[in-house]
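Geometric and topological summary
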Amino acid sequence: MANDFNLGDFKINMQNSPLKHLKGYAGFIIAALFLMTSIYTVDANQNAVVLRFGKYIGTKGPGLQFKLPFIDTVEKVRVDYQYKQEFGFRTLRPGVKTQYSTRGYENESWMLTGDLKIAEVKWVVQYKIKDAKDYLFNVKNVENTIFDVSEAAVRLMIGDRSFTEVLQAERESVAIEARKYMQQLLDEYKSGVSIQLVQLQGVVPPEPVADSFNEVNRAKQEQETLINEAKQAYNQKIFLVEGQAEKIITEANGYAIERTNEAKGDVALFESILSEYNKAPQITKDRLYIEMMEEVLSNNKNKIIVDKDIENLVPFLNQKLNGAIK
Amino acid sequence: MKNYLSIISVAFVLIIMNSFFIINEKEQAVKTEFGKPVGGPIVDAGLHFKLPLIQTIIKFEKRVLEWDGIANEIPTKDNKYILIDTFARWKISNALEFYKSAKNEMLAQSRLDDIIDGAVRDEISNRTMGEIVRSTDRKMEIYISDSEGENSEAYDNEELNATGARIDIINSILSKVDDKLLELNMGIEIVDVQIKRVSYNKQVQTKLFNRMVSEQNMIAEKYRAQGQGKKQEILGKQIQKEKEIVSGAYLKSQEIKGKADAEATEIYANTYSKSPEFYNYLKTLETYKKTLDPSTFFILSTDNKYLKFLEN
């Protein structure tokens, strides 16, 4: 009878059972089971929250840890991990060339600015679990809560700034203040979460108006191009004109030199002739006269030399002259 | 005989097990006897005792719970229809009262729908658009493309200078909900109410986009016109500068030439004045050479000074 195990209506005869051979090891097996359920490991970035009969008794750090078997339960939480939430877009496939999906998140990303326009804002939130116990026991579905709080916070900050400010100067302060506001709410809920970063990824005009904003940028470019072209034409023309002015002045200088040199030359010639003249006035005068006559007459075919005593020359001359003119 | 004993012992173990229950840190509970609650709510986590078989334990959440409303279109005080999307966080503050009045989370959520939506509606319809969107009275920097004013309906100055009241609105909604819940004594405590989204409906949104587009087009045109204007201005400057340079050079060249002419005249005068009579003679001879060209018809008499030697 001692070899029989009673288990309710089931009776196991140990003598006939194959378990018979294990009987000697039973104590050992039980001890092994006991040990296995009382040892657990906590990974490097984890904390383990230990509950005894459901009641919190402590938080254990990374390493090999012990607990009471069956009575203690353990919940592990990744405390040193950067969790991330995305708003207005979702990462489809992270990698070297990360792919994003941005369509269909207008509800998240379109928001009213303080001057009642609509801006498209995409942002990410990074957070850590700062207290594993608070994280587990104070708020149900902490992730949803962070998401809601983040939307409220960013919209609150965007709503207090004008469209222009949101797109340009105030981006940084929106992120900083949204982070502050989120942390304040999450601390009120005792969520055990620490917001590490709120970062605005893109603040742009919404897609239906984006084209008109690009148009403004294009117009700005065109304006600059027009001005640059005009300036270029100005410079080209002015350089050319300056060259021309230089030319006019140089020519005048040339004229001046020529004029004075000619004068000096003329004068030098006159002076040399004058000195000869002064030595023998009549002879020089005669010579000059004869030289002149020589030059004039040697080039001329129409010469008539008439004796001083001849009369009635005119009719003859008329005939001669007519012939010469024909 | 042994069999009965073992059955009894198993039943005994089951009964012992049935008289203990565990409440963990996320939970709280109410003890009931045939559906009727007995004792206060059980809030502390740990091992608890109950009468086996007779008493039943109903567990509830102890943590902060979600509530997310649907977007409601509400008219503001200044008669603009906007969609308000709120969320709230609440918790079961008294499991016993909660069990009595709400029974479960689902029913509680629908009660909260009524209470929160009502409070939001009351508050929003008493506030202007500017007060709802903005949260402070800080001066915003606004780029207005045309200062000559373009005043479209949703874009007047009153709104731009509105003092924001978003935080006040949230707090007011929260205290209203809080009061209502206290009054109803449902064992529910509101932790927070936040306005998540404020948005226009599709129709108004389209109108707004159209306005934004036309405003941008206006700015673009302004840039283009300014560019053209600037170009003409530069062209004008160019012509001015051009004339300035050319006329300056002309002035200078005339001065140079004049000076040279004067100098030359002086040189001539200085020398020729030494013998004006000879200069006159010489110059006249020179002009003969030039003026008596090959086509001249000479009739020379032999008593000419030059030909006097022919007459013999």
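We now turn to the structure provided with this report. No experiment lies behind these values; they were computed from the predicted model shown.

A few words now on the interface of chain A and chain B. Contact with chain A, which involves 107 residues of that partner, is made by 113 residues of chain B. For the chain A and chain B pair, buried surface summed over both sides reaches about 10,300 Å², with 66% attributable to carbon and sulfur atoms. Linking chain A to chain B there are 16 salt bridges. Between A:Lys237 and B:Glu242 there is a salt bridge; the shortest N-O distance is 3.9 Å. At the junction of chain A with chain B, the criterion picks out 31 residue pairs in polar contact (both at pLDDT 80 or more). Sorting elements by how many residues they give to the side of chain A that touches chain B places helix α7 (residues 207–279) of chain A first, with 39 residues. When the residues that make up the side of chain A that touches chain B are grouped by side-chain class, the tally is 55 nonpolar, 19 polar and 33 charged. Where strand β14 (residues 303–306) of chain A lies against strand β10 (residues 298–301) of chain B, four bridges are found, and the strand directions are parallel. What sits directly across from A:Ile304, in β10(B), is B:Ile299.

Overall, the coordinates contain 18 aromatic pairs over all chains when judged by the stated rule. A centroid spacing of 5.3 Å and a plane angle of 85 degrees characterise the contact between A:Trp110 and B:Phe209, whose relative ring orientation is edge-to-face. With one member in each of two chains, A:Trp110 in strand β11 (residues 110–112) and B:Phe209 in helix α7 (residues 202–272) form a pair that bridges those chains. On the basis of relative accessibility, which here comes to 15%, the residue A:Trp110 falls in the buried class. When its relative accessible area of 7% is taken as the criterion, B:Phe209 is described as buried. An aromatic cluster is present here, built from A:Phe270, A:Tyr277, B:Tyr268, B:Tyr272, B:Phe278 and B:Tyr279 joined pairwise through their rings. Directly above the aromatic system of A:Tyr81 lies the positively charged group of A:Arg78, at a separation of 3.9 Å from the ring centroid. Stacked on the ring of B:Tyr99, the Lys or Arg B:Lys103 has its end atom at 4.6 Å from the ring centre.

Here we come to the sheet that holds strand β7 (residues 72–78) of chain A. Residue and element names in this part refer to chain A. Overall, antiparallel pairing links the three strands, which are arranged β5-β4-β7 in an open sheet. In this open sheet, the two edge strands, each paired with only one partner strand, are β5 (55–60) and β7. On average, each strand axis in the sheet is inclined to that of its neighbour by 25 degrees, with strand direction left out of account. Across five bridges, strand β4 (residues 46–52) lies against β5 in antiparallel orientation. Bridge assignment links Arg-52 to a residue of β5, and that residue is Lys-55.

This paragraph deals with the packing of α7(A) against helix α8 (residues 281–298) of chain A. All names here are of chain A. Interhelical geometry of α7 versus α8 gives an angle of 125 degrees and a closest axis separation of 5 Å. Comparing their axes, α8 and α7 come out oblique. Contacts between α7 and α8 involve Ile-273, Glu-276, Tyr-277, Asn-278 and Lys-279 from the first element and Pro-281, Thr-284, Lys-285, Arg-287 and Leu-288 from the second. Each residue belonging to the contact of α7 with α8 can be placed in one class, and the counts come to four nonpolar, two polar and four charged.

We now examine the pairing of β4(A). Residue and element names in this part refer to chain A. Across the seven residues that make up β4, a large majority, five, are buried. Pairing analysis gives seven bridges linking β4 to β7, with the strands arranged antiparallel. Paired with Asn-47 across the strands is Val-77, a residue of β7. Once β4 ends, the chain turns through two residues before running back antiparallel as β5, passing Phe-53 with a positive phi of about 50 degrees.

What counts and how
- As a convention, each chain's residues are numbered from 1 in the sequence order in which they are written.
- For naming, the first written chain is A and the first written ligand is 1, with later ones following in the order written.
- Residues qualify for local features only when their pLDDT is at least 70, as the model is predicted, and side-chain atom pairs are given and counted only at 80 or more; totals for whole chains, interfaces and linings, by contrast, use all residues.
- The basis for every side-chain value is the complete set of non-hydrogen atoms in the structure, without hydrogens or water.
- Contacts: residue pairs with any heavy atoms within 4.5 Å of one another.
- Buried area is a sum: the accessible area each of two parts loses on coming together, probed at 1.4 Å, counted once for each and added.
- Salt bridges are defined by distance alone: a side-chain nitrogen of Lys or Arg within 4 Å of a carboxyl oxygen of Asp or Glu.
- Polar contact is the term for a pair of N or O atoms within 3.5 Å; when the atoms are in protein, one must be able to donate a hydrogen and the other to accept it, and sequence-neighboring residues count only if both atoms are side-chain atoms.
- Here a strand is any run of E in DSSP of at least two residues, a helix any run of H or I of at least four, and the numbering for each starts at the N terminus.
- Classes in brief: Ala, Val, Leu, Ile, Met, Phe, Trp, Tyr, Cys and Pro nonpolar; Asp, Glu, Lys and Arg charged; the others, Gly included, polar.
- Think of it this way: DSSP has to see at least two bridges between two strands before they count as a pair.
- Aromatic contacts are taken between Phe, Tyr and Trp rings whose centres are within 6.5 Å, Trp giving its six-membered ring; a plane angle under 30 degrees counts as stacked, one over 60 as edge-to-face, and the others as tilted.
- Exposure classes here rest on a 1.4 Å probe applied to the protein chains alone. A residue is buried below 20% of its type maximum, exposed above 50%, and partly exposed in between.
- We count a charge as sitting over a ring when the NZ of a lysine or the CZ of an arginine lies within 6 Å of the ring centre and within 35 degrees of the ring normal.
- Note on definitions: angles span 0 to 180 degrees between N-to-C directions of axes, and those axes are lines fitted to C-alpha atoms, for helices only across the stretch in contact.
- These descriptions rest on fixed angle ranges, namely under 35 degrees for roughly parallel, over 145 for roughly antiparallel, 65 to 115 for roughly perpendicular, and the rest for oblique.

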